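Remarks on the overall topology
Given next are the chains, with one letter for each unit.
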Amino acid sequence: MARSPADRRALAPDMLTAREAKAEHDALGAEIAEHDRRYHGEDAPIISDADYDALRRRFEAIEARFPDLTAEVSDARGVGARPSEKFAKVRHRVPMLSLGNVFSPDEVEEFVDRVRRFLDWPADRVLAFTAEPKIDGLSCSLRYEAGRLVVAATRGDGEEGEDVTVNVRTIGEVPQVLAGEGIPPVLEVRGEVYMTKPDFAAMNARQEAEGKPLFANPRNAAAGSLRQLDSRITAARPLRFFAYAWGEVQGSMPAPTQSGMVAAFARLGLPTNPLMRRCESTADMLAHYRAIEEQRASLPYDIDGVVYKVDDLDLQRRLGFVSRSPRWAAAHKFPAEKATTLLLGIDIQVGRTGSLTPVARLQPVTVGGVVVTNATLHNEDEIARRDIRIGDTVVVQRAGDVIPQILGHVAEKRPAGAQPYAFPTLCPACGSHAVREIDPKTGKEDVVRRCTGGLVCPAQAVERLKHFASRNALDIEGLGDKQIETFYRDGLITRPQDIFTLEARDARSLKRLKDREGYGETSTRNLFAAIAARRNVALHRLIFALGIRHVGETTGKLLARHFRSMEALRDTAVAASETGSPALAELTAIDGIGPVVAESIVDFFGEPHNREVVAELLEHVTPEPPEEVASESPVAGKTVVFTGSLEKMTREEAKAMAERLGAKVASSVSKKTDLVVAGPGAGSKLAAAQALGIQTLDEDGWLELVGGAAG
Ligand code: IVH
């Protein structure tokens, strides 16, 4: 029997059908991408780290069980979000990735087992790891050429960060010139910029005395100080640095191990963390984790876990990366911090797609050094399941730099007469009915209640406009959330296309801009210039900006690459709604676009109002199709099958290498197969390949083919 999305999420991945896994994978991908955008792009996350991690783990668990899904490009594979416009950009020659998380000793064991299995490492042979604190700051890449600091960049989206060289030069601990012998001609040192707890307290006290805004925690203070356009302000802020990783290195590596590299950094004059240890067993790693956890409160800087890394760099190279994080490292997170406080009320926020999200208003309470006044309550079922009532004393958990969450209530402290919370069934913004959609296949209710007001709901309209103008979409400078709200309220911008007619509209609107919105002449001119600058925009941004459900940035790029014009996308989507049309198959045949996403695109263009918005937008905006990219790898885009036994690498390693080079790895030979790599003992698959006239290679032939590119 078919199951609802909610039921599905309660199941272990291996209980899902392939179709269910695909649907959930798509939905999770979109959800994670949205949280990434809020966290990195807007510094305004709406879920706790713990919840984010849970989404991510579910996503990865599904991929582990259904490896075919991994081949799909998903938004969730991106790290962070694009850099802010204010700084010049720096392309990282080696991407800055992030770390997979583990939360318990069992998961540490699993991580170590996975590494051993990948390497086919005998159980009785020592496999050393380093263990060190995970610093709660922001990562930064420092490029030294001939020993001199030339560029410093933030992580950004992992591919491209912000140029913060001038600011980093003000950090006393960061050497401008490296010391000692054996300095590689190019060395990119990576590590964490952070602020100590005492420095943070003193700085906040100064801010307060000067009537300036306070920072919530040392991490925010460090981030805010580093990402300052005025480097004099950065210079006045007490920033520090720990070196723990590296990017591009030209010339010979200073050391063959992780621990050796960090020791070499120290010799070059870079600050390194004194708590790093080399561990020769899982028991050692866990013992060091506990030792660090015990010191946590007394350390002068914030940490949020322990990072384990395979010590041997050759092994790190063999292990490589999976999507956004290295296989050879993991972050063992500390449990989140908790506190209790009073639940004063519940606000309902209406999202872009009409979702009603309950937000707890709390009596201010300090959790882990931060004053908390709001927390997420997730959805109506969660409130019911935890039986949370207004007036309750609730348990709040805060992990990292995100909106805290409510875990439950304290039964003994419930005031007499507290009533179960009645979740609104009318939209608080427009009064339309708010319903839980019924999955047509399963007959089950969605966990999210949605406003049915659609186009008449002002809250949805405003959220859609905010999304349209936001940084990863049209990116209109000076048209932030606040401005959109006032423009909307005054009726100056109610639909995306209105943005582009603002300037040409009658003098009345200009006067209103001045009188009501408080825009002076310069800011009006700047705003018009920013809008005019977006009359030419990358097609993928415009697609993403439309806010089609499940269409994130990556999907926007896939669609732009495939269709190359908005008209072609629209025409296909419209044709696809007719039964029996081949257009639907064209959509789902795009690598990375599944049935859920396709349906959502078809629904969007099926709505006459949306077609009108698109048509009117195209009168003002000229979308630019993406450049065609030629791949350098000899196997990019090819389908490869490995068969027989491999001697120089494990099967998993071979598969990872092929995928890294842009190939697809299949398990059986078919007409679509381009290449079969056959080791000793290959049988029917090799025979099938020969019968079909498919190119075959042995392991050495494969390594030779990809040799240059595999690096
Ligand atoms: S290693 C390729 N080591 O955690 C992996 N990262 O979640 C490079 N972080 O972006 C990262 N302390 O900002 C590493 N001792 C440490 C760290 C650390 C903090 C941060 C870093 C990274 C994030 C990943």
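Note that this is a predicted model, so its numbers are computed, not measured.

**Let's talk about the overall build of the protein chain**
Secondary structure assignment for the protein chain yields 27 helices and 26 strands. Relative to the globule expectation of 27 Å for 711 residues, the C-alpha radius of gyration of the protein chain, 27 Å, shows essentially globular dimensions. The C-alpha extent of the protein chain, read off along each of the three principal axes, is 75 × 70 × 60 Å. Taking all 711 residues of the protein chain together, 49% fall into the buried category. Taken as a whole, the protein chain presents about 32600 Å² of accessible surface, with 51% of it coming from carbon and sulfur. In the protein chain, 91 side chains carry a positive charge and 102 a negative one; their mean positions are 2 Å apart.

**Describing the site of the ligand**
The environment of the ligand is formed by 14 residues, the closest being Glu132, Ile135, Arg155, Glu192 and Tyr244. Within the side chain of glutamate 132, a nitrogen or oxygen atom sits 2.6 Å from a nitrogen atom of the ligand. Interatomic distance of 3.3 Å between a side-chain N/O atom of lysine 134 and an oxygen atom of the ligand. In the complex, 87% of the free accessible area of the ligand, which totals 530 Å², lies under the protein chains. By residue number, the principal contributor to the shell around the ligand is strand β3 (residues 129–135), which donates 4 residues. Residues belonging to the shell around the ligand are distributed by class as follows: 7 nonpolar, 2 polar and 5 charged.

**A short note on the sheet that holds strand β7 (residues 186–194)**
Strand order across the open sheet formed by 4 strands is β5-β4-β7-β8, with antiparallel pairing between neighbours. Pairing within the sheet leaves two strands with one partner each, and these edge strands are β5 (148–154) and β8 (240–250). Each neighbouring strand pair of the sheet contributes to a mean axis angle of 25 degrees, computed without reference to strand direction. Where β7 lies against β8, 8 bridges are found, and the strand directions are antiparallel. Across the sheet, residue leucine 187 finds its bridge partner in β8, namely valine 249. Helix α8 (residues 218–226) contacts β4 (138–145), β5 and β7 of the sheet and is inclined by roughly 40 degrees relative to β4. Contacts between helix α10 (residues 258–267) and the sheet are confined to β7 and β8, with β8 contributing the most and set at about 115 degrees to the helix.

**Considerations on the pairing of β5**
Here β4 pairs with β5 via 6 bridges, running antiparallel. Note that in β5 the partner of tyrosine 144 across the bridge is leucine 149. Joining the antiparallel neighbours β4 and β5 is a turn of 2 residues, in which alanine 146 adopts a positive phi near 50 degrees.

**Remarks on the packing of aromatic side chains**
Counted under the stated rule, the structure contains 10 aromatic pairs. Relative to phenylalanine 265, the ring of tryptophan 246 has its centre 6.2 Å away and its plane inclined at 70 degrees; by these criteria the two rings are edge-to-face. Of this pair, tryptophan 246 sits in strand β8 while phenylalanine 265 is found in helix α10, placing the two residues 19 residues apart along the sequence. Residue classification places phenylalanine 265 among the buried positions, given a relative accessible area of 0%. Ring-pair connections join several aromatic residues into one group, and the members of that group are Tyr194, Phe242 and Tyr301. Here arginine 125 stacks its cationic end above the ring of tryptophan 121, 4.0 Å away from the centre of that ring.

**Looking at a negative patch on the surface**
A contiguous patch of negative charge, built from Asp106, Glu109, Glu110 and Asp113, is present on the exposed surface. Looking at where glutamate 109 falls in the secondary structure, it is placed in helix α5 (residues 105–119).

**Some thoughts on helix α24 (residues 608–620)**
Along an α-helix, residues three or four positions apart point the same way, because every turn accommodates 3.6 residues. With 13 residues, α24 extends 19 Å from end C-alpha to end C-alpha; this agrees with the ideal 18 Å at 1.5 Å per step. The complete set of buried residues in α24 reads Asn610, Val613, Val614 and Leu617. The arc enclosing the buried residues of α24, seen along the axis, measures out at 95 degrees, which places them on a common side. Contacts from the buried residues of α24 go to α14 (458–469), α16 (496–501), α19 (539–545), α21 (566–576) and α23 (595–606).

**Concerning the sheet that holds strand β9 (residues 277–279)**
Spatially, 5 strands are ordered β2-β13-β10-β3-β9 in an open sheet, and the strand pairing comes out mixed. Each edge of the open sheet is held by one strand with a lone partner, namely β2 (101–102) and β9. When strand β10 (residues 303–310) meets strand β13 (residues 329–333), the two strands line up antiparallel, connected through 5 bridges. Looking across to β13, one finds that glycine 305 is bridged to lysine 333. Sheet contacts for α5: β2, β3, β10 and β13; angle to β13, the most-contacted strand, approximately 180 degrees.

**Here we look at the pairing of strand β17 (residues 393–398)**
Note on strand geometry: in a regular strand, side chains alternate between the two faces of the sheet. Most of β17 is tucked away: 5 of the 6 residues are buried. Two elements, strand β14 (residues 337–350) and β17, share 6 bridges in a ladder whose sense is antiparallel. Note that in β17 the partner of threonine 340 across the bridge is valine 395. Pairing geometry for β17 and strand β18 (residues 405–409), over 4 bridges, is antiparallel. Paired with valine 396 across the strands is isoleucine 406, a residue of β18.

What counts and how
- Residues numbered from 1 in each chain as written.
- Predicted model: local features only at pLDDT ≥ 70, side-chain atom pairs only at ≥ 80, totals over all residues.
- Heavy atoms only, no water.
- Helix = DSSP H or I, 4+ residues; strand = E, 2+ residues; numbered from the N terminus.
- Rg over C-alpha atoms; globule rule 2.2 N^0.38 Å.
- Buried < 20%, exposed > 50% of the residue type's maximum accessible area, 1.4 Å probe, protein only.
- Areas by Shrake-Rupley, 256 points an atom, 1.4 Å probe, with all protein chains shown as cover.
- Lys, Arg positive; Asp, Glu negative; His and termini not counted.
- Charge placed at Lys NZ, Arg CZ, Asp CG, Glu CD.
- Near = heavy atom within 4 Å.
- Polar contact = N/O pair within 3.5 Å; in protein donor to acceptor, adjacent residues only side chain to side chain.
- Nonpolar A, V, L, I, M, F, W, Y, C, P; charged D, E, K, R; others polar.
- Pairing = 2+ DSSP bridges.
- Axes fitted to C-alpha atoms, helices over the stretch in contact; angles between N-to-C directions.
- Contact = heavy atoms within 4.5 Å.
- Phe/Tyr/Trp six-rings, centres within 6.5 Å; stacked < 30°, edge-to-face > 60°.
- Lys NZ or Arg CZ within 6 Å of the ring centre and 35° of its normal.
- Patch = residues over 30% accessible without salt bridge, like charges linked within 9 Å, V, L, I, M, F, W, Y side chains within 5 Å.
- Salt bridge = Lys/Arg side-chain N within 4 Å of Asp/Glu carboxyl O.
- Expected span 1.5 Å × (residues − 1).
- Arc of directions from axis to C-beta.

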